[in-house]
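Single-letter residue listing:
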Amino acid sequence: FLSNDELLEILAQTKNVQAVQPHMSKCFDGIKSLDFGKDPKSVDIFAMISGEGERVGLGKNLKARGNVEQWLSAVEAAMITALKKQGKDSYISYPQELRTKWVLEQPAQIVIMVSQIFWCRGVIEALDSGAPVEQMHAYLEKNRQDLKDMTVVVRGELSKLHRKIIAALITIDVHAR
């Protein structure tokens, strides 16, 4: 949470939008900073950046103008909109791409969410089938193959962020078997 002094500091810096940067992690969970571009006086907000360095675009025409509380509220709304859109796009692309490729192209929380949606769907389809025991065994084998594929990827050359994403996904997949 923000202390009274920190809140006053933010509110007092209406002209200097960069003054909010040191407090972003206290304003929004998982967000280290906002990307204002290369110009230090820019009021355009392009993306949110996590502590791990993951960057998620926030769309167009997002500006840090006016009262700090108003543009921070606009940032929050843009975060929600951006992640909803990313979630929908990732949900659509998941069955069309190799999982090992797909996982490297999505934000971390989207990877976990969409993977879990498809895992749940696979379990439900197996249980609702005419031969649930056989279908669950087949789905178990598919999950084991997915784990083997992810193990190959995680042993390869990855960025620190991608390694964390895949390690989290492998952990969830192991527990979901």
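The rules behind each value
- Residue positions are given per chain, counting from 1 as you read along its sequence in written order.
- The predicted origin of the model limits local features to residues at a pLDDT of at least 70 and limits the giving and counting of side-chain atom pairs to 80 or more, whereas totals for whole chains, interfaces and linings rest on all residues.
- To obtain the side-chain values, all non-hydrogen atoms of the structure were used and water was disregarded.
- Under the DSSP-based scheme used, a helix requires at least four consecutive residues in state H or I and a strand at least two consecutive residues in state E, with every element numbered from the N terminus.
- Radius of gyration means the value over C-alpha atoms here, while the globule rule gives 2.2 Å times the residue count to the 0.38 power.
- In this scheme, a residue with accessible area under 20% of its type's maximum is buried, one over 50% is exposed, and one in between is partly exposed, where area comes from a 1.4 Å probe on protein chains only.
- For this analysis, residues touch if any pair of their heavy atoms sits within 4.5 Å.
- Surface accessibility follows the Shrake-Rupley procedure with a 1.4 Å probe radius. Residue values consider only the protein chains on display as shielding.
- For the charge count, each Lys or Arg is scored as positive and each Asp or Glu as negative, with His and the chain ends excluded.
- Throughout, a charge is located at the NZ atom of Lys, the CZ atom of Arg, the CG atom of Asp or the CD atom of Glu.
- N or O atoms closer than or at 3.5 Å make up a polar contact, with two conditions inside protein: a donor-capable atom paired with an acceptor-capable one, and, for residues adjacent in sequence, both atoms drawn from side chains.
- Within 6.5 Å between ring centres, the rings of Phe, Tyr and Trp (the latter by its six-membered ring) count as paired, and their orientation is classed by plane angle as stacked under 30 degrees, edge-to-face over 60, tilted in between.
- Think of it this way: DSSP has to see at least two bridges between two strands before they count as a pair.
- Lines are fitted to the C-alpha atoms to define the axes, a helix being fitted only along its stretch in contact, and any angle between axes, read from their N-to-C directions, falls within 0 to 180 degrees.
- What we call a nonpolar core is a set of buried Ala, Val, Leu, Ile, Met, Phe, Trp, Tyr and Cys residues that are connected through their side-chain atoms within 4.5 Å.

**Here's the deal with the overall build of the protein chain**
Right, so step 1: Assigned secondary structure in the protein chain consists of seven helices and three strands.
Right, so step 2: Along the protein chain, helices and strands appear, N-terminal first, in the series α-α-β-β-β-α-α-α-α-α.
Right, so step 3: Over its C-alpha trace the protein chain gives a radius of gyration of 20 Å, far above what one expects of a compact globule, namely 16 Å for 177 residues.
Right, so step 4: Principal axes of the C-alpha set define a box for the protein chain whose edges measure 65 × 35 × 30 Å.
Right, so step 5: Out of the 177 residues in the protein chain, the part that is buried amounts to 36%.
Right, so step 6: A fraction of 40% describes how many contacts in the protein chain between residues 6 or more apart in sequence connect residues 24 or more apart.
Right, so step 7: Of the accessible surface of the protein chain, which amounts to about 11,100 Å², a share of 56% is contributed by carbon and sulfur atoms.
Right, so step 8: Looking at the protein chain, you have 23 positive and 22 negative side-chain charges, and the mean spots of the two groups are 4 Å apart.

**Here we look at the environment of glutamine 106**
Right, so step 1: Looking at the secondary structure, you find glutamine 106 in the loop between helix 4 (99-102) and helix 5 (108-128).
Right, so step 2: Given the relative accessible area of 8%, glutamine 106 is considered buried.
Right, so step 3: Separated by 19 residues in sequence, glutamine 106 and glycine 87 place their C-alpha atoms 9.0 Å apart.
Right, so step 4: Leave out the neighbours within four places in its chain, and glutamine 106 touches Glu54, Gln86, Ser90, Ser93, Val111 and Ile165.
Right, so step 5: Looking at glutamine 106, its side chain comes within polar contact range of the side chain of glutamine 86, at 3.0 Å.
Right, so step 6: Among the polar contacts made by the side chain of glutamine 106, one reaches the side chain of serine 90 at a distance of 2.3 Å.

**What to know about the packing of aromatic side chains**
Right, so step 1: Overall, the coordinates contain four aromatic pairs when judged by the stated rule.
Right, so step 2: Centroid distance tyrosine 94 to phenylalanine 118: 4.4 Å. Interplanar angle 20°. Geometry classified as stacked. A residue pair is termed long-range when its members are at least 10 positions apart, and tyrosine 94 in the loop between helix 3 (68-93) and helix 4 and phenylalanine 118 in helix 5 qualify at 24 residues. Each member of the pair, tyrosine 94 as well as phenylalanine 118, is classed as buried.
Right, so step 3: An aromatic cluster of at least three residues, connected via ring pairs, comprises Tyr91, Tyr94, Trp102 and Phe118.

**Description of the sheet that holds strand 3 (residues 55-57)**
Right, so step 1: Ordered in space as 1-2-3, the three strands form an open sheet in which the pairing is antiparallel. The two strands at the open ends of the sheet, each matched to only one other strand, are strand 1 (33-35) and strand 3. Averaged over neighbouring strand pairs, the angle between their axes works out to 25° when direction is ignored.
Right, so step 2: Examined bridge by bridge, strand 2 (residues 47-49) and strand 3 share three bridges and lie antiparallel to one another. Counted as the bridge partner of alanine 47 is glycine 57 from strand 3.

**Some thoughts on the nonpolar core**
Right, so step 1: Of all hydrophobic cores here, the largest spans 39 residues; its most connected members are Leu34, Ile45, Leu58 and Trp71.
Right, so step 2: When residues of this core are traced back to their parent elements, those giving at least two are helix 3, helix 5, helix 6 (132-154) and helix 7 (160-176).
Right, so step 3: For this core, the leading source of residues is helix 3, giving eight residues.
Right, so step 4: Apart from residues lying up to four places away in sequence, isoleucine 45 is in contact with Leu34, Asp35, Phe36, Leu58, Gly59, Leu62, Lys63, Ala64, Trp71 and Val75.

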